[in-house]
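Single-letter residue listing:
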Amino acid sequence: MFHACKSITMKAQQRIFFDFLRFCIGATTEGIPESVKDADWGVLYGIAKKQALIGVLFHGIQQLPKELAPDGDLLMTWMGMAQRIKQQNMCLFIDSAKVCKNFKDAGFRNCILKGQGNALLYPNPYMRTPGDIDIYLNGGRKRIMEYVDKVCPNQVMRYHHVDFPVMKTPIEVHFTPSYMFCPCHNRRMQKWFGKVMDLQCSNVVTLPDGYGEITVPTLSFNVVYILSHLYRHVFTEGIGLRQLLDYYFVVVKWHTDLTDLTDLDSKDLAALQRDLKWLGFWKFAGAVMYVLHEVFGLEEEKMIAPINEKEGAFLLDEIMRGGNFGQYDDRLGDKTGEGKVHRYFRMSLRNMRFVKHYSSEALCEPLFRTWFFFWKVWSKSLNQLLSYLCI
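Residues numbered from 1 in each chain as written. Predicted model: local features only at pLDDT ≥ 70, side-chain atom pairs only at ≥ 80, totals over all residues. Heavy atoms only, no water.

**Structural notes on the packing of aromatic side chains**
The cut-off we apply is this: Each pair of aromatic rings taken from Phe, Tyr and Trp, with Trp reduced to its six-membered ring, is defined by centres within 6.5 Å and is described as stacked if the planes are under 30 degrees apart, edge-to-face if over 60, and tilted in the remaining cases. Each helix corresponds to a stretch of at least 4 residues labelled H or I by DSSP, and each strand to a stretch of at least 2 residues labelled E; elements are numbered beginning at the N terminus. Here the term buried applies to any residue with accessible area under 20% of the maximum for its type, exposed to any over 50%, and partly exposed to those in between, with areas from a 1.4 Å probe on protein chains only. For a Lys NZ or an Arg CZ to count as sitting over a ring, it must be within 6 Å of the ring centre and within 35 degrees of the ring normal.
A complete count under the given rule lists 35 aromatic pairs for this structure. Ring centres of F221 and Y225 lie 5.4 Å apart, and the angle between their planes is 25 degrees; this geometry places the pair in the stacked category. With F221 and Y225 both in helix α8 (residues 219–234) and 4 residues apart, the pair spans about one turn of that helix. Grouping residues by exposure puts F221 and Y225 together as buried. Aromatic rings pair up to connect Y159, Y179, F181, Y231, F235, F281, F284, F314, F354, Y358, F368 and W371 into one cluster. When the ring centre of F108 is taken as reference, the NZ or CZ atom of R143 above it lies at 4.1 Å. One Lys or Arg, K283, reaches over the ring of Y358 and ends 5.8 Å from the middle of that ring.

Below is the structure:
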C-alpha cells in the first residue's frame, strides 16, 4: 500500500515537472501553472538533474514569486549549478568559435553539429546544459584522418567521427554527421548527407556577447538530422529530455521560419515527410511528436508527423527511466568498469526490447558493431602493410 501511494505521488510530481517545464521554456501563455503550488522542489530538482535540465528549470524559478520558489540550501545548490552551466556555455562558445576558425584556416569547410548552435534557439542561450564540441569537416574520411593523425596521433577512429583532444573541451571531428544501423537506411542517409552538407558549411551565425561566429546547419537540415541522431541513440545508450528539448526548439523555429517566409503550404511539410519515410524513421517521428506534445506542449499544427500515441508512451517511459543519454538506466546491471565484451552483450540484450518497436534498427545494431570491428582490424592491418612496403 505504501509503494502504491508513493508511485502515485511521484507520478503527480512528474506532471508538475512537465507543467513547470513548459512555463520555463515559454511554451505556455497562461502564466505560472497552478500545479506549482504543490511542487515538491526536492523531487523536481532530482528529475531536472537526471534529465540535464537544471539550468532550464532555474530560468523558470527566477520568474516565480518568493512564496512559490524553493528556498534554503536547495535554492543555493540550484543557483550554483545554474551558474556553473552558464560558465560552461561561455567556455563552449569561445572554444566553438576557435575550433571553427582553426579548421577553416587548415583548409576544411566545417559546421558545428548540435551543441552551441542549438543553445542559440533557447530563450536564454546560457540555460542549456552543454556537452562536447561535435564538428563536421568537409573533406572525406581519408583527408581528415591524415590531418588528425598529424596533430593528434593514435586516435581511435569510429564510423562517423574521431576524437581530437587539442583543448580541455572534448572535440569530436565528424566525417559524416550521423548514421543508421540498417544498411539500406544508412546508404540512403549518407546519400542525403552528400547532397546537403555543402550548404551546411556556409550558414554562419553570430554568438551572444561578442564571442564570435560559428557555422551551424540550417533548420531544414536539423529537423531531419537531429531526429536521426535521437533515433540512433535510442539503440546505443538512450536519450533524455535535454535531447528532446533541443529538438522541440528546432521544430518550433523551423515551423515559425517557414510560416514567416512561405505561409507553410502543404508542399513544405510533404517534402519533409517523404524524407522521413525514405530514411526509415517515420514511426519514430510519430513517437517523438507524442513526447514533444506531452512534455513540452507542442501544438498539433507544428508537428512534422501525426502523433503515434502507443510508441510515444513507450519512448517517454524509456526517457524518464534512463535520463540523460540513459545514464540512469540500471535494468541490466551496473555499467561501471565494464569491458568491451561485456558492453557488447549488454547492449545487444538491451536492444532486444526495441525489436517489436523498431525491428530493422534493433536487429541490425549488433551486426553493425560486429562488421565495424572487423572493418577497423582489416583497415589497420592494411595500413601497416602499406607502411611496411613503403620503407
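From this point, the narrative continues.
**Here we look at a nonpolar patch on the surface**
The condition that has to hold: Patch definition: residues with relative accessible area over 30% and no salt bridge; like charges joined within 9 Å; nonpolar side chains (Val, Leu, Ile, Met, Phe, Trp, Tyr) joined within 5 Å. For every accessible area listed, the method is Shrake-Rupley and the probe measures 1.4 Å; residues are considered covered only by the protein chains on display. By definition, a salt bridge exists where a carboxyl oxygen of Asp or Glu is found within 4 Å of a side-chain nitrogen of Lys or Arg.
A cluster of nonpolar side chains, namely L349, M352 and L363, defines an oily patch on the protein surface of about 290 Å² accessible area. With respect to the helices and strands, the residue L363 is situated in helix α14 (residues 359–389). Among the residues examined, L363 registers a relative accessible area of 45% and is labelled partly exposed.

**Examining the sheet that holds strand β4 (residues 171–174)**
Pairing between the strands of a sheet comes from backbone hydrogen bonds, and it takes one of two forms, parallel or antiparallel. This is how it is decided: Pairing between strands is defined by DSSP: at least two bridges between the two strands are required. Only the stretch in contact is used when fitting a helix axis, every axis being a line fitted to C-alpha atoms; angles between N-to-C directions are given from 0 to 180 degrees. Contacts are assigned to residue pairs that have any heavy atoms within 4.5 Å of one another.
The 4 strands lie next to each other as β1-β2-β4-β3, forming an open sheet whose pairing is mixed. Each edge of the sheet is formed by a strand with only one pairing partner; in this case those strands are β1 (109–113) and β3 (161–163). On average, each strand axis in the sheet is inclined to that of its neighbour by 30 degrees, with strand direction left out of account. Pairing analysis gives 5 bridges linking β1 to strand β2 (residues 133–138), with the strands arranged antiparallel. Paired with N110 across the two strands is L137, which belongs to β2. Here helix α4 (residues 72–105) sits on the sheet in contact with β1, β2 and β4, set at roughly 15 degrees to β2.

**Looking at helix α3 (residues 54–61)**
Note that an α-helix has 3.6 residues per turn; residues three or four places apart therefore point the same way. Counting buried residues in α3 gives 8 out of 8 residues, a clear majority hidden from the surface. Within α3, burial applies to I54, G55, V56, L57, F58, H59, G60 and I61.

**Notes on the state of the cysteines**
A covalent bond between the sulfur atoms of two cysteines is what we call a disulfide. Spelled out, the test is: The criterion for a disulfide is a pair of cysteine sulfur atoms lying within 2.5 Å.
Under the definition given, this model contains 0 disulfides. In this structure C111 is a free cysteine whose sulfur lies 4.6 Å from that of C201, the closest cysteine sulfur available. Taking relative accessible area as the criterion, C111 reaches 0% and is therefore assigned buried. C100 supplies the cysteine sulfur nearest to C152, a cysteine that is in no disulfide, at a spacing of 17 Å. A relative accessible area of 9% means that C152 is categorised as buried.

**What to know about the nonpolar core**
The line we're drawing: Nonpolar cores are built from buried Ala, Val, Leu, Ile, Met, Phe, Trp, Tyr and Cys residues. Side-chain atoms within 4.5 Å join them into one set.
Grouped together as the largest cluster of nonpolar side chains are 94 residues, with contacts concentrated most on F17, Y247, F281, F284, L292, F296 and I304. Tallying contributions element by element places helix α9 (residues 241–262) first for this core, with 11 residues. Discounting residues that sit within four places of it in the chain, F17 has contacts with L44, I47, A48, L53, L57 and L241. Counting residues in hydrophobic clusters, the runner-up holds 28 residues, among them L92, A119, I144 and V173.

**Quick look at the confidence of the model for the chain**
Note the following rule: Confidence of the predictor at the level of single residues is given by pLDDT, which spans 0 to 100.
Scored by pLDDT, the chain comes out at a mean of 90, with 91% of its residues at no less than 70. For residues 1–7, every residue scores under 50 in pLDDT, and the model assigns this stretch 0 contacts once sequence neighbours within four places are set aside.

**A short note on the environment of Q243**
Condition: Polar contacts, as counted here, are pairs of nitrogen or oxygen atoms within 3.5 Å of one another; within protein the pair requires one atom able to donate a hydrogen and one able to accept it, and residues that are adjacent in sequence qualify only if both atoms are side-chain atoms.
Note that Q243 resides in helix α9. Residues Q243 and I226, spaced 17 residues apart in sequence, show a C-alpha to C-alpha distance of 8.8 Å. Not counting chain neighbours up to four residues away, the residues in contact with Q243 comprise L230, N324 and F325. A distance of 2.6 Å separates the side chain of Q243 from the backbone nitrogen of G240, its partner in a polar contact.

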